[in-house]
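# An overview of the molecular structure
Chain by chain, the residues:
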Amino acid sequence: QQQVKQSPQSLIVQKGGISIINCAYENTAFDYFPWYQQFPGKGPALLIAIRPDVSEKKEGRFTISFNKSAKQFSLHIMDSQPGDSATYFCAAAWGTPLVFGKGTRLSVIA
Amino acid sequence: DAGITQSPRHKVTETGTPVTLRCHQTENHRYMYWYRQDPGHGLRLIHYSYGVKDTDKGEVSDGYSVSRSKTEDFLLTLESATSSQTSVYFCAISESDRSNQPQHFGDGTRLSIL
């Protein structure tokens, strides 16, 4: 069974702080690692993604760090804002379809 | 937003009844997927389609069937609904099977089986 393990399940961060969500995978054939953001009542939306040939990718306040040898990757949200409060899913794939982590509910409080 | 419409958006039904959920896309994407989302389980793949009349099973396919007679429509059927199938169902689409092709999701169908 291919798995992606995500932690923590829930996270509370002060406004302006850094939110960090971690994922670990088992299948070394995975070659694509996206993060999805989901707001209540909506479907998941692609936030940022990385391939294993790079160790970091940054888009605005969102950064993915990737450690191939440890088979881990993480999402960092800098200067977290209340509007970032959502559920975040990591995922992994080789070809199709995606395998998802169980999600992290992020609450950013003022 | 990707042109994905799921219908119905909400449904309440009784155990043992058949239920069909519809996913309609206007993007002409080849790949379509059905996931279910449950607390503590994340998103789990039920079935997916890689073309008209071409489908394959996912992780949690038992009790579900799918059909795709047109590129734009992907139907998910619960032949005899059970309470364990109460969930939020999401349809997704992607242009190809290349792993770096993003999957775009609809806004889901909340299904309650009493």
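Everything below is about the structure shown above.
These lines cover the structure that appears in this document, whether it is placed above or below. (Residues numbered from 1 in each chain as written. Chains lettered and ligands numbered in written order. Predicted model: local features only at pLDDT ≥ 70, side-chain atom pairs only at ≥ 80, totals over all residues. Heavy atoms only, no water.)

Let us look at unusual backbone geometry. Residues Ser7(A) and Pro8(A) are joined by a peptide bond in cis, for which omega reads -5 degrees. Topologically, Pro8(A) is positioned in the loop between strand E1 (4-7) and strand E2 (10-14). In the segment running from Ser7(B) into Pro8(B), the intervening peptide bond is cis, with an omega of -10 degrees. Its location among the elements puts Pro8(B) in the loop between strand E1 (4-7) and strand E2 (10-13). Positive phi, normally seen in glycine, also occurs at Lys71(A), with a value near 55 degrees. Position of Lys71(A) relative to the elements: it lies in the loop between strand E7 (62-67) and strand E8 (72-77). One non-glycine residue, Lys53(B), lies in positive phi territory at about 70 degrees. (Helix = DSSP H or I, 4+ residues; strand = E, 2+ residues; numbered from the N terminus.)

Bringing a nonpolar patch on the surface into the picture now. Residue and element names in this part refer to chain A. A cluster of nonpolar residues, Ile 18, Ile 20 and Met 78, forms a patch on the protein surface that exposes about 240 Å² of accessible area. By the secondary structure assignment, Met 78 is in the loop between E8 and strand E9 (86-92). Take Met 78: its relative accessible area is 34%, and that puts it in the partly exposed class. (Patch = residues over 30% accessible without salt bridge, like charges linked within 9 Å, V, L, I, M, F, W, Y side chains within 5 Å. Areas by Shrake-Rupley, 256 points an atom, 1.4 Å probe, with all protein chains shown as cover. Salt bridge = Lys/Arg side-chain N within 4 Å of Asp/Glu carboxyl O. Buried < 20%, exposed > 50% of the residue type's maximum accessible area, 1.4 Å probe, protein only.)

Of the residues lining the interface, 21 residues belong to chain A; the matching set on chain B comes to 22 residues. Carbon and sulfur atoms supply 55% of the area buried between chain A and chain B, which totals about 1,700 Å² over both sides. When the area that chain A buries against chain B is broken down by residue, the three leading residues are Thr96(A), Pro97(A) and Phe100(A), summing to 28%. Counting across the interface, chain A meets chain B through one salt bridge. As a salt-bridge pair, Asp107(B) and Lys42(A) come within 3.6 Å of each other at their nearest N and O atoms. Among the residues forming the side of chain A that touches chain B, the class breakdown is 10 nonpolar, seven polar and four charged. (Contact = heavy atoms within 4.5 Å. Buried area = accessible area lost by both parts, 1.4 Å probe. Nonpolar A, V, L, I, M, F, W, Y, C, P; charged D, E, K, R; others polar.)

As a general point, the strands of a sheet are linked pairwise by backbone hydrogen bonds and lie either parallel or antiparallel. Residues and elements named next belong to chain A. Spatial ordering of the open sheet is given by E1-E3-E8-E7-E6, a layout of five strands whose pairing is antiparallel. The open sheet has two edge strands with one neighbour each: E1 and strand E6 (56-59). Each neighbouring strand pair of the sheet contributes to a mean axis angle of 15 degrees, computed without reference to strand direction. (Pairing = 2+ DSSP bridges. Axes fitted to C-alpha atoms, helices over the stretch in contact; angles between N-to-C directions.)

What follows is about the side chain of Gln37(A). Residue and element names in this part refer to chain A. Its place among the elements puts Gln 37 in strand E4 (residues 33-38). Here Gln 37 falls in the buried class, since its relative accessible area comes to 14%. In terms of polar contacts, Gln 37 uses its side chain to reach the side chain of Tyr 88, at 3.0 Å. If sequence neighbours within four positions are ignored, Gln 37 has contacts with Gly 43, Pro 44, Ala 45, Leu 47, Asp 84, Ala 86, Thr 87 and Tyr 88. (Polar contact = N/O pair within 3.5 Å; in protein donor to acceptor, adjacent residues only side chain to side chain.)

All names here are of chain A. Evaluation of the coordinates by the stated rule reveals two disulfides over all chains. Note that Cys 23 is cross-linked by a disulfide to Cys 90, the S-S spacing being 1.8 Å. Between Cys 23 and Cys 90, the S-S torsion sits near -95 degrees, and that sign places the bridge as left-handed. Taken together, the residues span a long stretch of sequence, with Cys 23 in strand E3 (residues 19-25) and Cys 90 in strand E9 at a distance of 67 residues. (Disulfide = S-S within 2.5 Å.)

Our focus in this paragraph is the packing of aromatic side chains. The geometry of an aromatic ring pair is captured by two quantities: the separation of the ring centres and the angle between the planes. For the coordinates displayed, the defined rule picks out 21 aromatic pairs over all chains. A ring pair is formed by Phe33(A) and Phe66(A), whose centres lie 4.8 Å apart and whose planes are at 45 degrees; its orientation type is tilted. Placement of the pair is Phe33(A) in strand E4 and Phe66(A) in strand E7, with a sequence separation of 33 residues. The class for Phe33(A) is buried, based on a relative accessible area of 0%. Here the aromatic rings of Phe100(A) and Tyr35(B) are separated by 5.5 Å at their centres, their planes lie at 90 degrees, and the arrangement is edge-to-face. In this pair, Phe100(A) sits in strand E10 (residues 99-100) while Tyr35(B) sits in strand E4 (residues 31-38), so the two residues belong to two different chains. For the pair Phe100(A) and Tyr35(B), one class covers both residues: buried. (Phe/Tyr/Trp six-rings, centres within 6.5 Å; stacked < 30°, edge-to-face > 60°.)

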